[in-house]
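Coordinates in review
Listed below are the residues making up each chain.
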Amino acid sequence: MIPGPIEFEPSVLRAAGSATNSHVAPDFIETFGHSLDMMKEVWQCPSGQPFVLAGSGTLAMDTAAANLIERGDQALVISTGYFGDRFADILARYGAVVKVLKSPVGGVVDTDLIEAELKINQYKLLTFTHVDTSTAVKVDPRPIGQLGKKYGVITILDGVCSVAGEEIRQEEWGIDVVLTASQKAIGVPPGLALLVVSPKAMNVWKNRTSPVGSYYSDWTNWLLIMNAYADRKPSYFGTPAVNLVAALEVSLQLILKEGLEARFARHKNTGAAFRSGLKALNIKQIPLSDEIASNTLSAPWFPDGIQNQNFLSSVSANGVILAGGLLPEIKGKYFRIGHMGSVNQGDILSTMGAIEAGLASCGYSFTKGAGINAAFASLNAF
Ligand SMILES: *Cc1c(COP(=O)(O)O)cnc(C)c1O
């Protein structure tokens, strides 16, 4: 139950473990093309250009920056934690002049503040993190998409911890780039960087006057390949991660079979169940309110006197693996529970049970069973 790599469906793992195909074999071409088609459905961006590259989520961020930034461009980063700060570093590496609007720990940046900033400076693009995995803070993409349209700024959503878990309607909401990695809510072992890019952002890229600063990431190389697979034709630039693409096809099929609305609702119920369970144990969470708390992971503060390592090893001895803190300024003071992908009621209740056992072994005083009961009641209220 960590926020990635998550638990994978057996059929996804079987696809990943099947014999490695040629990247130009007709059935692999169909697998790749079908995956690209399904990405547009899952992202809800019918006019978008999907990219599938071998690499992690950081490569997806790097690719967006490399292709959309030219030296001296102004970029605005809305940071709600660790991954916002990382985007600022990446953009600067490609020559952007970066301004960071940083939220307080557990909070979001006010939309008015973002708009005020867009009024005084001519930004080329802005980035924000849908769910920051270091804080479990969720940002509402809708007002940011509207600001992007109003001020002619390209909007980039880091959805590594949200795509296929939290509601995203890329095209309707006017978000230009939505990117993720395979090992989180998409449910495929680590190794794929996935992006869908709007026609507006593709045009900005086409009108560049300088070459893209990364040879591997350059869309000049990959667009032809993605188009070829979409047209079910063989092509080659760099060998795709054949086994992972096979797994991606299976996972996207499972996601669409469950249905996007049902999947978003299931994640909402899961997030609410963990919030209820933790509240019943008197444990506070990093997000300052439930409205901005993510449904794909939870980030609870440790109660006073509880030590990171003792707690996590005790939870693990009770059969559940959780993650420690990530945000440098508060690292040892909180832990993280990943609950995206194929998490069911049994997983939620056994996780709450292991958390209770961990708290008890650390000497925390609470009513035994309160967390499990509250989580169960929350799940069955829906
Ligand atoms: C995990 C994560 C990343 C980085 O992805 P990697 O695959 O670890 O490179 C970026 N942004 C967010 C929001 C993430 O959760």
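Overview of the structure. Model, not experiment: these values are computed from the prediction. (Residues numbered from 1 in each chain as written. Predicted model: local features only at pLDDT ≥ 70, side-chain atom pairs only at ≥ 80, totals over all residues. Heavy atoms only, no water.)

**Here's the deal with the sheet that holds strand 12 (residues 335–338)**
The strand order 10-12-11 describes an open sheet built from three strands, whose pairing is antiparallel. Edge positions in the open sheet fall to strand 10 (297–298) and strand 11 (323–324), since each of these has one partner strand only. (Pairing = 2+ DSSP bridges. Helix = DSSP H or I, 4+ residues; strand = E, 2+ residues; numbered from the N terminus.)

**Brief notes about the pairing of strand 7 (residues 154–158)**
Of all five residues making up strand 7, five are buried, and the element is well covered by its neighbours. What you see with strand 7 is no split at all: Ile154, Ile156 and Asp158 on one side and Thr155 and Leu157 on the other are buried throughout. As paired strands, strand 4 (residues 125–129) and strand 7 are joined by five bridges and run parallel to one another. Bridge pairing in strand 7 links Phe128 to Leu157. (Buried < 20%, exposed > 50% of the residue type's maximum accessible area, 1.4 Å probe, protein only.)

**Let's talk about the sheet that holds strand 3 (residues 97–102)**
With mixed pairing, seven strands are arranged side by side in an open sheet as 1-9-8-7-4-2-3. At either end of the open sheet lies a strand with only one pairing partner, and these are strand 1 (49–54) and strand 3. In this sheet, adjacent strand axes meet at a mean angle of 20 degrees when their direction is disregarded. With six bridges connecting them, strand 2 (residues 74–79) and strand 3 associate as parallel partners. (Axes fitted to C-alpha atoms, helices over the stretch in contact; angles between N-to-C directions.)

**Brief notes about the nonpolar core**
Inside soluble globular proteins, nonpolar side chains tend to come together where they are buried. Counting residues in each nonpolar core, the largest one holds 90 residues, and the members touching the most others are Trp43, Ile114, Leu179 and Ile186. Broken down by element, this core gets its largest block of residues, nine residues, from helix 10 (residues 242–258). Those residues within four positions of Ile114 in sequence are excluded, and the remaining contacts are Leu76, Ile78, Leu101, Val109, Leu126, Ile144 and Leu147. One finds Phe274, Ile348, Ala354 and Ala370 within the second-largest nonpolar core, a separate group that totals 27 residues. (Core = buried A, V, L, I, M, F, W, Y, C linked by side-chain atoms within 4.5 Å. Contact = heavy atoms within 4.5 Å.)

**Quick notes on the packing of helix 12 (residues 308–317) against helix 13 (residues 345–361)**
The N-to-C vectors of helix 12 and helix 13 enclose an angle of 135 degrees; their axes lie 8 Å apart at closest approach. In terms of their interaxial angle, helix 12 and helix 13 are classed as oblique. Along this stretch, helix 12 crosses helix 13, giving a crossing that reads as right-handed. Residues Phe311, Ser314 and Val315 of helix 12 form the contact with helix 13, whose participating residues are Ala354, Ile355, Ala357, Gly358, Leu359 and Ser361. Residue composition of the contact of helix 12 with helix 13, grouped by class: six nonpolar, three polar and no charged. (Parallel < 35°, antiparallel > 145°, perpendicular 65-115°, else oblique. Left-handed = near helix turned anticlockwise from the far one by under 90°. Nonpolar A, V, L, I, M, F, W, Y, C, P; charged D, E, K, R; others polar.)

**A short note on the packing of aromatic side chains**
Under the counting rule described, the total for this entry stands at 14 aromatic pairs. With a centroid separation of 4.7 Å and 50 degrees between ring planes, the pair formed by Phe311 and Phe335 is classed as tilted. Taken as a pair, Phe311 in helix 12 and Phe335 in strand 12 lie far apart in primary sequence, 24 residues in all. Neither Phe311 nor Phe335 differs from the other in exposure class; each is buried. Members of the aromatic cluster, joined through ring pairs, are Tyr215, Tyr216, Trp222 and Phe237. (Phe/Tyr/Trp six-rings, centres within 6.5 Å; stacked < 30°, edge-to-face > 60°.)

**What to know about unusual backbone geometry**
The phi torsion of most residues other than glycine is negative, and most of the peptide bonds are trans. A cis amide bond, omega -5 degrees, links Gly4 with the succeeding residue Pro5. Following the sequence through the fold, Pro5 ends up in the segment before helix 1 (10–16). For Gln44, which is not a glycine, the phi torsion comes out positive at approximately 55 degrees. Mapped onto the elements of the fold, Gln44 is located in the loop between helix 2 (26–42) and strand 1. Non-glycine residue Ala164 carries a positive phi angle of around 80 degrees. Positionally, Ala164 belongs in the loop between strand 7 and helix 7 (170–173).

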